[in-house]
Amino acid sequence: MARLTATVLQAAVAAVVGVVAWQWYQSSARLPPVSGGFVHPAYQPVADLFRKLVEDGTERGGSFAVYHKGEKLVDLWGGYANPYTRLPWQESTLTAVFSSTKGMAALSVAKLRPAGLQAEIQKYWPEFAQNGKSNITLEMLMSHQAGLVTLGGANTSLVEYQNDWGKVEKLMAQATTDFPPGSAVAYHSLTFAMYIDALIRRVDPQHRSLSQFFDEEISKPLDAEFYIGLPLREFYRATLLISPPAWRMVTWIFDYTYWPMLFELFNPKATLNQLSVVAEFADLNQVLNNPYFAAVGLGSANGFGPARSLAKIYDFLANGGSIAGKTLFSKPIVERLMTPLTLTLPSLGTFRLDFSVGLHVLNNSRGDRMFGHPGYGGQMAGAVPKYGVGIAYVTNFLSGKLSLASDHYWELEKVFYECFEKHQADPQTTKTTKTKKKRSKND
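Residues numbered from 1 in each chain as written. Predicted model: local features only at pLDDT ≥ 70, side-chain atom pairs only at ≥ 80, totals over all residues. Heavy atoms only, no water.

- Taking an unreviewed UniProt entry as the reference, the chain is identified by name as Beta-lactamase-related domain-containing protein belonging to Pomacea canaliculata.

### Concerning the environment of Y409
- On the secondary structure map, Y409 appears in helix α15 (residues 407–425).
- Residue contacts for Y409: discarding those within four places in its chain leaves F64, M370, M380, I391 and Y393. (Helix = DSSP H or I, 4+ residues; strand = E, 2+ residues; numbered from the N terminus. Contact = heavy atoms within 4.5 Å.)

### Overview of the packing of helix α3 (residues 101–112) against helix α7 (residues 191–203)
- Contact geometry for α3 and α7: axes closest at 10 Å, N-to-C directions at 25°. Accordingly, the angle class assigned to the pair α3 and α7 is roughly parallel. Where α3 crosses over α7, the handedness of that crossing is left-handed. Residue-level inspection shows K102, A105, A106, S108, V109 and L112 of α3 in contact with α7, the latter providing F192, A193, I196, I200 and V203. (Axes fitted to C-alpha atoms, helices over the stretch in contact; angles between N-to-C directions. Parallel < 35°, antiparallel > 145°, perpendicular 65-115°, else oblique. Left-handed = near helix turned anticlockwise from the far one by under 90°.)

### Observations concerning the side chain of E413
- Residue placement: E413 occurs in helix α15.
- The buried charged residue E413 lacks any salt bridge partner; its closest oppositely charged side chain belongs to R366, at an N-O distance of 7.3 Å.
- Side chain to side chain, E413 and S365 meet in a polar contact 2.5 Å long.
- In contact with E413, other than residues within four places in its own chain, are F64, N364, S365, M370 and I391. (Buried < 20%, exposed > 50% of the residue type's maximum accessible area, 1.4 Å probe, protein only. Lys, Arg positive; Asp, Glu negative; His and termini not counted. Salt bridge = Lys/Arg side-chain N within 4 Å of Asp/Glu carboxyl O. Polar contact = N/O pair within 3.5 Å; in protein donor to acceptor, adjacent residues only side chain to side chain.)

### Examining the packing of helix α6 (residues 165–174) against α7
- The interhelical angle for the contact between α6 and α7, taken along N-to-C directions, is 110°, at an axis separation of 11 Å. As summarised for this structure, α6 and α7 are arranged roughly perpendicular, according to the angle between their axes. Here α6 runs over α7; the crossing is left-handed. Facing W165, V168, E169 and M172 of α6, the residues of α7 in contact are M194, Y195, D197, A198, R201 and R202.
- Across the contact of α6 with α7, the residue classes break down as 6 nonpolar, no polar and 4 charged. (Nonpolar A, V, L, I, M, F, W, Y, C, P; charged D, E, K, R; others polar.)

### Brief notes about the packing of aromatic side chains
- Scanning all chains against the criterion turns up 15 aromatic pairs.
- Their ring planes at 40° and their centres at 5.5 Å tell us that W125 and F128 sit as a pair that is tilted. Each member of the pair W125 and F128 is classed as buried.
- Both rings, one in W125 and one in Y195, keep their centres 6.1 Å apart while their planes meet at 45°; by these two values the pair is tilted. Remark: Y195 occurs in helix α7 and W125 occurs in the loop between α3 and α4 (138–142); sequence separation between them is 70 residues. (Phe/Tyr/Trp six-rings, centres within 6.5 Å; stacked < 30°, edge-to-face > 60°.)

### Considerations on the nonpolar core
- Among the nonpolar cores identified, the biggest contains 76 residues, and M104, L107, W125, M172, Y195, I313 and L317 are the most heavily contacted of them.
- In this structure, L317 is in contact with L107, F329, V334, L337, M338, L359, F371 and A383, ignoring residues within four places of it in sequence.
- Counting 29 residues, the second largest nonpolar core, distinct from the first, contains V54, V66, Y393 and C419. (Core = buried A, V, L, I, M, F, W, Y, C linked by side-chain atoms within 4.5 Å.)

### So, the pattern of salt bridges
- On inspection of all chains with the given rule, the structure shows 18 salt bridges.
- Residue E127 is joined to R202 by a salt bridge in which the shortest nitrogen-to-oxygen separation is 3.7 Å. Of this pair, E127 sits in the loop between α3 and α4 while R202 is found in helix α7, placing the two residues 75 residues apart along the sequence.
- Across the salt bridge formed by D368 and K386, the nearest N and O atoms sit 3.2 Å from each other. Here D368 is found in the loop between β10 (360–363) and β11 (369–375), whereas its partner K386 is found in the loop between β12 (379–384) and β13 (389–395), with 18 residues between them in sequence.
- What makes D368 buried here is its relative accessible area of 11%.
- When salt bridges with common partners are traced through the structure, they connect D204, R208, E216 and E217 into a single cluster.

### Here we look at the side chain of N82
- With respect to the element layout, N82 can be found in strand β3 (residues 71–82).
- We classify N82 as buried; its relative accessible area is 17%.
- Reaching out from N82, the side chain makes a polar contact with the backbone nitrogen of Y84 at a distance of 3.0 Å.
- Sequence-distant contacts of N82, that is, excluding residues within four places in its chain, are made with L87 and L240.

### As for the sheet that holds strand β5 (residues 95–96)
- Taken in spatial order, the 3 strands make up an open sheet running β5-β7-β6, and their pairing is antiparallel. Every other strand in the sheet has two partners, leaving β5 and β6 (227–228) as the edge strands with one partner each.
- When β5 meets strand β7 (residues 303–305), the two strands line up antiparallel, connected through 2 bridges. Directly across from A96, in β7, lies its bridge partner F304. (Pairing = 2+ DSSP bridges.)

Structural data, given as structure tokens:
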């Protein structure tokens, strides 16, 4: 028996080593570098850095874009939308942005409700008041203070969300809170936009879903292609979402910056154990490679688009709501969207997160306030009012860092701001340059 046990153990170890070795090989396999896009001449160093990241294999698939007062300054893409079929990232490529979708959901509410953000939700949805939720306001929900992280332990699915809305809405109305509303902040990873969807369907005179409302009131009017729930007809343009290989995730154990997160993820005494959140997003990553699940209009995570669309939308927010005579939001609404609401509240999760009305309150690489939303795997999109820019980075090669922006984003952002300051001081060149797609000689 002992010999059999030893043999089984050896076989198991060999299998694990084999899987890790194969993943290492796959993740390390180099494809011919491909990059393209547009850049204002004053921002050529940004294009040079992006191309370098692609050519040295650091950036395996992604896009970076910046708009300033309606002008496209940067719109770069590179790497592969699908490395297994050798499909390069292209101008028309769409990718899932996970929680960065929440920013678009928040802007949809702001667009629909120019007033009344401080009103109690039961005003619009009487059934919501069940189980002690009568005092929850729309602002509390959108700033993750509502205590509705887990739907009170109830379960649902993307299939039900798509095909049995009545059941999902009933579960949300009946849910109990996980902590007293307004007493703390805790990330509502999936429930955030579920409740927003329910509210929009009730408040909108046409009773549109969040997905339809966003498409018709924000995306199409701004010519900023972005979908909350990717239509089946567009799935051929979507990237293949690729999780970090197992061997890379094991290295987190040796990186002290991950230790607080790892400790609390598996800490049974944590106020709100976030292991379930990790499981949800890890599973969602695989699910969204399925066109039928990607089509579900879940505004917490099922957003698909290019970086340029997110940057274009946030550009309006960074410039008071209006650009070149076109108004997306009134100035009072923009001010509300840029007012932090949770800075003094205790945080009940793995990460310290602060919010305004639906948007993350962040600092850019220069310490300036930024309002937007990061997303699982390295996505980042937001408005920077100091500079009047909308900025975004998206990728399909997921970092596994939950909702923390990719290192690539921070590198590109840093170089962009260096160029921006020089350009503002000497705005001589105004023509836009197209960067050609580049491949290796062996391609």
